[in-house]
Amino acid sequence: MDTILLSDLERFYLVQGVEVGCRMDGREPSEYRPLEIETNILSHATGSASIRIGETFIVCCVKMEVGKPSLTNTGEGRIEINVECYPTATHRCSEKAASELEERLKTTLQSTYQSKFIDLSPLCIQRGRQCWVIYIDLLILEGAGNLLDASSLVVKAALLNATQSNSLLLSVFQNNSKSVEAEVRQLRGDMLPLFVTIHKTFH
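Rules used in this analysis
- Residues numbered from 1 in each chain as written.
- Predicted model: local features only at pLDDT ≥ 70, side-chain atom pairs only at ≥ 80, totals over all residues.
- Heavy atoms only, no water.
- UniProt positions renumbered as here; feature names shortened; annotations may be inferred.
- Helix = DSSP H or I, 4+ residues; strand = E, 2+ residues; numbered from the N terminus.
- Buried < 20%, exposed > 50% of the residue type's maximum accessible area, 1.4 Å probe, protein only.
- Contact = heavy atoms within 4.5 Å.
- Areas by Shrake-Rupley, 256 points an atom, 1.4 Å probe, with all protein chains shown as cover.
- Pairing = 2+ DSSP bridges.
- Axes fitted to C-alpha atoms, helices over the stretch in contact; angles between N-to-C directions.
- Parallel < 35°, antiparallel > 145°, perpendicular 65-115°, else oblique.
- Left-handed = near helix turned anticlockwise from the far one by under 90°.
- Polar contact = N/O pair within 3.5 Å; in protein donor to acceptor, adjacent residues only side chain to side chain.
- Expected span 1.5 Å × (residues − 1).
- Core = buried A, V, L, I, M, F, W, Y, C linked by side-chain atoms within 4.5 Å.
- Salt bridge = Lys/Arg side-chain N within 4 Å of Asp/Glu carboxyl O.
- Phe/Tyr/Trp six-rings, centres within 6.5 Å; stacked < 30°, edge-to-face > 60°.
- Lys NZ or Arg CZ within 6 Å of the ring centre and 35° of its normal.

- In the annotation of an unreviewed UniProt entry, the protein is listed under the name Ribosomal RNA-processing protein 42 and assigned to Schistosoma mattheei.
- In its Sequence similarities (unreviewed entry) section, UniProt records this for the protein: "Belongs to the RNase PH family."

**Here we look at the overall build of the protein**
Reasoning step 1: Secondary structure summary: the protein contains five helices and six strands in total.
Reasoning step 2: A total of 203 residues make up the protein; the buried ones form 38% of that total.
Reasoning step 3: Partitioning the intrachain contacts of the protein with sequence separation of at least 6 by distance along the chain shows that 68% fall at a separation of at least 24.
Reasoning step 4: Here the protein displays about 12200 Å² of accessible surface, and carbon together with sulfur accounts for 53% of that area.

**Considerations on unusual backbone geometry**
Reasoning step 1: A positive phi angle, near 55°, is found at Asn 40, a position not held by glycine.
Reasoning step 2: Structurally, Asn 40 can be placed in the loop between β1 (35-39) and β2 (47-53).

**Concerning the pairing of strand β3 (residues 56-67)**
Reasoning step 1: Pairing of β2 with β3, which is carried by seven bridges, proceeds in the antiparallel orientation. Counted as the bridge partner of Ala 49 is Cys 60 from β3.
Reasoning step 2: Relative to strand β6 (residues 130-142), β3 is paired through 11 bridges, and the arrangement is antiparallel. Considered in β6, the bridge of Glu 65 is made with Val 133.

**Let's talk about the packing of helix α2 (residues 95-112) against helix α3 (residues 147-163)**
Reasoning step 1: Running from N to C, α2 and α3 point in directions that differ by 50°, and their axes come no closer than 11 Å. Relative to α3, the element α2 is oriented oblique. In the crossing of α2 with α3, the sense of the turn from one axis to the other is right-handed. Across the interface between the two elements, Leu 101, Leu 105, Thr 108 and Leu 109 of α2 pack against Leu 147, Leu 148, Ser 151 and Ser 152 of α3.

**Notes on the side chain of Asn 146**
Reasoning step 1: For Asn 146, the location among the structural elements is in the loop between β6 and α3.
Reasoning step 2: In this structure the side chain of Asn 146 is engaged in a polar contact, spanning 3.3 Å, whose partner is the side chain of Asp 149.
Reasoning step 3: Ignoring any residue separated from it by four or fewer positions in sequence, one finds Asn 146 in contact with Tyr 32, Arg 33 and Ile 53.

**Some remarks on α2**
Reasoning step 1: The terminal C-alpha atoms of α2, which comprises 18 residues, lie 26 Å apart, in line with the 26 Å expected from a rise of 1.5 Å per residue.
Reasoning step 2: Looking at the buried side of α2, the elements it contacts are β4 (78-85), β6 and α3.

**A look at the nonpolar core**
Reasoning step 1: Residues Ile 134, Ile 136 and Leu 138 are the most contacted members of the largest nonpolar core, which totals 37 residues.
Reasoning step 2: Residue assignment for this core shows that the elements contributing at least two residues are β2, β3, β4, α2, β6 and α3.
Reasoning step 3: Broken down by element, the residue count for this core peaks at 10 residues, all from α3.
Reasoning step 4: Residues contacting Ile 136, with those up to four places away along its chain left out, are Cys 60, Cys 61, Val 62, Ile 79, Glu 80, Ile 81, Asn 82, Val 155 and Leu 159.

**What to know about the pattern of salt bridges**
Reasoning step 1: A complete count under the given rule lists two salt bridges for this structure.
Reasoning step 2: For Glu 65, the salt bridge identified is with Lys 63, shortest N-O distance 3.9 Å.
Reasoning step 3: For Glu 65, a relative accessible area of 38% puts it in the partly exposed group.
Reasoning step 4: A salt bridge links Arg 78 to Glu 80; the nearest nitrogen and oxygen atoms lie 3.1 Å apart.

**Description of the environment of Thr 163**
Reasoning step 1: Tracing the sequence through the fold places Thr 163 in helix α3.
Reasoning step 2: On the basis of relative accessible area, Thr 163 is assigned to the buried category, the value being 5%.
Reasoning step 3: Separated by 116 residues in sequence, Thr 163 and Gly 47 have C-alpha atoms that sit 7.7 Å apart.
Reasoning step 4: A polar side-chain atom of Thr 163 sits 2.6 Å from the main-chain carbonyl oxygen of Leu 160.

**Regarding the packing of aromatic side chains**
Reasoning step 1: Following the criterion strictly, the structure yields zero aromatic pairs and no others.
Reasoning step 2: Over the aromatic face of Phe 57 sits the side chain of Arg 52, whose NZ or CZ is 4.4 Å from the ring centroid.
Reasoning step 3: Positioned above the aromatic ring of Tyr 135, the side-chain terminus of Lys 63 is 5.9 Å from the ring centre.

What follows is the structure, encoded as structure tokens:
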């Protein structure tokens, strides 16, 4: 991974900001970045959403296709997650760095949507032969922090958007919310995982 180099002046500026309790963008130490979520942004997707947290901007779409179940879970459907990051989305604008970021996010998100956490049996069509596969595609257009948090939120929003018109997905994710945006912001207890990044500081 590329190393971020700071000049002495930049380092001094950051340290002074921590000492006086002010971030570079003017936020207080415990203040979260502004959050904007928009759903149903793509007409041909089963579900879709975009999220902006500060300057981070990610688009997510959900689609369903008939496929084969995995060899280890023959009576369940599958969830496949793909992440694409524009090389210019972050300060580490090399193609290698973008690929590493994509793989880390994909691996982390995929691990949370395993069948041991979510019951995927309603997606089974014919045991061992056919099932529904949920494809979740994320496109990172701008990355300025909170990428894992933002990715998990936009996946949740897109899936909840998909359940509005798909009763099969509704049975899988048990969504009873009338408002997708309200559901995401209130972080209510359904079956969709969320990540919240925290950092411990010492005084």
